[in-house]
Amino acid sequence: MNEPGSGSPPPDSIASSEDEGRRYREGVYEPLDESTLPDAPDGGAFPRRGHGPPFKLVREMSRVPRLRYIIGPSVIALGMGLGSGEFLLWPNLVAANGFSIWWLFWIGVVTQFVVIGEIERWTIATGESTFNGMARLDRFGFWPWLFLVATLVSFFWPGWASQSAEFVGQIVVISGGPDIAWQPMALLMLACIWFGLAVSRIVYNVLERLEIALVAGFFPLLLITLLVVGLVPSHLLELAVGAVSFGRAPAELFTGDQFPTLILAVAYAGTGGTLLLAQSLWLRDKGFGMARFQGRIAGIRGRNEEISTTGFVFDAADPTALGRFRGWMRIVHHELLVSFVFLTLLSVVITCMLVVATLGTDNPGLAGDLTGMVTLQGEAIQRVGGLWLRVAFLLGGSLVIFSTQLAILDTVTRITGCIFYERFGHRTRFFTQKRTFLVFLTIFVLAAMGIITASWIGGEGLDVLQPDFLLLIAGPFTMTSMFLFTLVVGYMNVRRLPAQLGPPAWKRWSLLWAAVLWGWFTAEQLSRTAMSVAAVEPRFMESLALHPIRILFYALWLAALGWFAVRTLPSGEKRGARA
């Protein structure tokens, strides 16, 4: 793993002590006086600065802690995905179509694992957010602003709070309480989220603890429900067969009604959309790698910590620093594999086994009806195990969907606030990083409350603002942004980081695969949207038949893939060992 001829640093120069490692549980911040630091050379053994300010040269890379001290960022990503794809969308697809599509789920999760690992790379190497790295690619900082807009369009809708509140309402009714609307409960949930995040000292620490608690509550409740209802061995066999049935899928999935659900389910085979980019910001708040010199986002009770407008880099030709960087990349990948990939796969095995045990797999009428599916599941569960089991099931669902809304509100605020602060806010006296987060959080919570209130008092004209719609509307924007940032992050890591710090060949091929998968869904959804606007015959939108509009979008997708392959794939030159 070391650069040829560079020598192997002794192990104790790579691993941190136990005391050092424990500090990462709360996050590490070691401010530096940038005026005393020299500018790093541009290129060679250092990252290329592009259109941003010079990087600051720091002689040492942080030593690497044990895995148990850094568990957290990927648990948040897990909690963010559980309440959408894992509890709702994939069980819905399986209930309607059977297990033959399960291969697409696990491939989607593994694809996200690769892409998230590359999102982490830039922050470990430079301490910068991935958005600051993107801004260096052109003089106008185009890409961060684009992803800010994509984040707002995809996740402005409070669909998860509404869905969680609806399940709580069902618990109240079946327990003998009054039949109350979901909207006031959703408003209360949003208020609790604002209070929990805003009144914290360090926002990330509160978010991490809440997500761990919510995820820990979800698994036992759903597992108990499954065991009481009955785990059918033949269903496990069907799932195993579906996991290797590559390329097979019912034709109905690609027709009009189910395709939006399929897009969102593939996007949320894990987390989804620009939310994946938040992994960079969570690592920065934990102080991983070179991010220990960047400040953390503070709540009302905390003190503002400075976030530099540039990054801090080390000499990649130094074998000790390079060994530590590679150690960091290994440990964050292990954290991602255990906390995100394994638990995501386990959660969907549980939820899909449960939906098949209660509803079976031949339910085309349930396609896209997320609330109706859960209601029918609850009724079937009550017939088998009684009222208490139905309450346990709905409570588990409510907890996990609430964890998704909590993480999404933090993440949308974190992403948009970070981009705003790095591109504009730092030039002002008012917008510290702390104030930026609090202002954006308040705006988003009030806006979400406004949407929910409008659906409550707006009458039949606003009936469209119901939970299922608020979830499914995000699909096209979510997938398109995933395709685009895969291209940008891959290009940035290959072309802007020194060879020793860039992704290895298998990672670059895997990024191309992600662009193939997410790019196809993007091209197909955009072509269907354009054909709908142009009033094209429905048969073209309900099939993959050739049409000039579809050919245009597919051509753009293939052109982007060609550009990406030329710019990032190995060309045969010897680049040295990579992390």
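As shown above, the structure is provided for reference.
Residues numbered from 1 in each chain as written. Predicted model: local features only at pLDDT ≥ 70, side-chain atom pairs only at ≥ 80, totals over all residues. Heavy atoms only, no water.

A.B. asks: Can you tell me about helix H7 (residues 182-198), naming the residues and giving the values?
C.D. replies: In this model, H7 (17 residues) spans 24 Å end to end at C-alpha, consistent with the 24 Å of a helix rising 1.5 Å per residue. Among all positions of H7, only Trp182, Gln183, Met185, Ala186, Leu187, Met189, Leu190, Ile193, Leu197 and Ala198 are buried. (Helix = DSSP H or I, 4+ residues; strand = E, 2+ residues; numbered from the N terminus. Expected span 1.5 Å × (residues − 1). Buried < 20%, exposed > 50% of the residue type's maximum accessible area, 1.4 Å probe, protein only.)

A.B. asks: Could you give me a rundown of the packing of helix H11 (residues 278-286) against helix H14 (residues 387-423), with the residues and numbers involved?
C.D. replies: Running from N to C, H11 and H14 cross one another at 80°; their axes reach a closest spacing of 10 Å. On the basis of the axis angle, H11 is roughly perpendicular to H14. In this structure, H11 uses Ala278, Leu281, Trp282, Arg284 and Asp285 to contact H14, whose residues at the interface are Asp410, Thr411, Arg414, Ile415, Cys418 and Glu422. A per-class count over the contact of H11 with H14 returns five nonpolar, one polar and five charged. (Axes fitted to C-alpha atoms, helices over the stretch in contact; angles between N-to-C directions. Parallel < 35°, antiparallel > 145°, perpendicular 65-115°, else oblique. Contact = heavy atoms within 4.5 Å. Nonpolar A, V, L, I, M, F, W, Y, C, P; charged D, E, K, R; others polar.)

A.B. asks: Summarise the packing of helix H8 (residues 203-229) against helix H13 (residues 370-385); cite the residues concerned and give the values.
C.D. replies: Geometrically, a packed helix pair is captured by the angle between its two axes and the distance between the axes. Relative orientation of the contacting elements H8 and H13 amounts to 60°, with a least axis distance of 10 Å. Classed by the angle they form, the pair H8 and H13 counts as oblique. For the crossing formed where H8 meets H13, the hand is left-handed. The segment H8 lies against H13, with Thr225, Val228 and Val229 engaging Ile381, Val384 and Gly385. Of the residues in the contact of H8 with H13, the class split is four nonpolar, two polar and no charged. (Left-handed = near helix turned anticlockwise from the far one by under 90°.)

A.B. asks: Tell me about a nonpolar patch on the surface, and please be specific about residues and values.
C.D. replies: On the surface, Ile224, Val228 and Trp388 cluster together into a nonpolar patch covering about 290 Å² of accessible area. Here Ile224 lies in helix H8. Residue Ile224 is classed as partly exposed on the basis of its relative accessible area of 40%. (Patch = residues over 30% accessible without salt bridge, like charges linked within 9 Å, V, L, I, M, F, W, Y side chains within 5 Å. Areas by Shrake-Rupley, 256 points an atom, 1.4 Å probe, with all protein chains shown as cover. Salt bridge = Lys/Arg side-chain N within 4 Å of Asp/Glu carboxyl O.)

Geometric values such as these leave the question of function open.
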